[in-house]
Amino acid sequence: MERTLQTSSSNQLSPHSVLMAHCPSRQVLELIADKWTALIFALLERQPTRFNELQRAIDGISHKVLTQTLRNLEQRGIVQRKITPTNPPAVEYSLSPLGITLIPLMAMLRQWAEEHMEEVEQARLVYGEKEEKIYG
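Go over the overall build of the chain, please, and point to the residues and values.
Looking only at helices and strands, the chain has six helices and three strands in total. In sequence order, the chain lays out its α and β elements as α-α-β-α-α-β-β-α-α. Burial statistics for the chain: of 136 residues in total, 24% are counted as buried. Counting every atom, the chain has about 10400 Å² of accessible surface; 55% of that belongs to carbon and sulfur.

Go over the nonpolar core, please, and point to the residues and values.
In this structure, Leu 70, Ile 78 and Val 79 are the most contacted members of the largest nonpolar core, which totals 21 residues. Of all the secondary-structure elements, those providing two or more residues to this core are helix 1 (24–32), helix 2 (35–44), helix 3 (51–57), helix 4 (63–75) and strand 3 (90–95). Considering each element in turn, this core owes the most residues, six residues, to helix 2. Those residues in contact with Val 79 that lie beyond four places of it in its chain are Leu 44, Leu 70, Leu 73, Glu 74, Tyr 93, Ser 94, Leu 95 and Ser 96.

Can you explain unusual backbone geometry? Please cite residues and give values.
Of note, the amide linkage connecting Asn 87 to Pro 88 takes the cis form, showing an omega dihedral of -5°. Secondary-structure assignment places Pro 88 in the loop between strand 2 (79–84) and strand 3.

Kindly report on the layout of surface pockets, identifying the contributing residues and their values.
The calculated volume of the largest pocket comes to roughly 180 Å³. Around the largest pocket, the lining residues are Arg 50, Phe 51, Asn 52, Arg 81, Pro 89, Val 91 and Tyr 93. At the level of elements, helix 3 and strand 3 are the ones that each hand at least two residues to the lining of the largest pocket. Split into classes, the residues belonging to the lining of the largest pocket amount to four nonpolar, one polar and two charged.

Report on the pairing of strand 2, specifying residues and quantitative values.
Note: strand 2 against strand 3, six bridges, orientation antiparallel. Opposite Gln 80, over in strand 3, you have Ser 94 as the bridge partner. Counting the residues that bridge the hairpin from strand 2 to strand 3 gives five residues.

Describe in detail helix 6 (residues 103–135), supporting the description with residues and values.
A maximum bend of about 60° is found in helix 6 at His 116. Looking one or two residues past helix 6, Gly 136 carries a phi angle of roughly 75°, positive in sign.

Just give me the short version of helix 4, but keep the residues and values in it.
Taking 1.5 Å per residue as the helical rise, helix 4 with its 13 residues ought to reach 18 Å, and the 18 Å between its terminal C-alpha atoms agrees with that figure. When we look at burial in helix 4, the residues that qualify are Leu 66, Thr 69, Leu 70 and Leu 73. Buried residues of helix 4 fall within an arc of 95° about the axis and therefore sit on the same side. Residues of helix 4 that are exposed and point over 90 degrees away from its buried face: Lys 64, Arg 71 and Gln 75. Its buried side turned inward, helix 4 meets helix 1, helix 2, helix 3, strand 2 and strand 3.

Definitions and cut-offs
Residues numbered from 1 in each chain as written. Predicted model: local features only at pLDDT ≥ 70, side-chain atom pairs only at ≥ 80, totals over all residues. Heavy atoms only, no water. Helix = DSSP H or I, 4+ residues; strand = E, 2+ residues; numbered from the N terminus. Buried < 20%, exposed > 50% of the residue type's maximum accessible area, 1.4 Å probe, protein only. Areas by Shrake-Rupley, 256 points an atom, 1.4 Å probe, with all protein chains shown as cover. Core = buried A, V, L, I, M, F, W, Y, C linked by side-chain atoms within 4.5 Å. Contact = heavy atoms within 4.5 Å. 1 Å grid on protein atoms, 1.4 Å probe; cavity = no way out; pocket = protein on both sides within 12 Å on 5 of 7 lines; lining within 4 Å. Points joined across faces, edges and corners; volume = space filled by probe spheres on them. Nonpolar A, V, L, I, M, F, W, Y, C, P; charged D, E, K, R; others polar. Pairing = 2+ DSSP bridges. Bend = angle between axes of the 7 residues up to and from the residue. Expected span 1.5 Å × (residues − 1). Arc of directions from axis to C-beta.

Here's what the structure looks like:
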């Protein structure tokens, strides 16, 4: 049985579809599907957090990647940055009202990853064994 993709009542793609290369929704999907975004969310959904605290808490993230990810999240209205005029200025990040709407989705993704990591790893090992048999 052949399956077809329908996103509207006709057989054409909706004008707002992540499947279309130039649709802005694809950029949003790329941002929220990023592993660093998911890890930042795990911290910001608890409480507002300063940059250095984020970097210390997220093992393996570089200063550059954290800066870029936070900037992209802020630019798209998902994270907000608060600057306290101290010397030096204190910068704190928190989820915006729009970002808060993503908490359940991001929590489900993290939970799925943690619950199914062994199955995914087993599938990767089986695949590697198959490839080894085929290609030597």
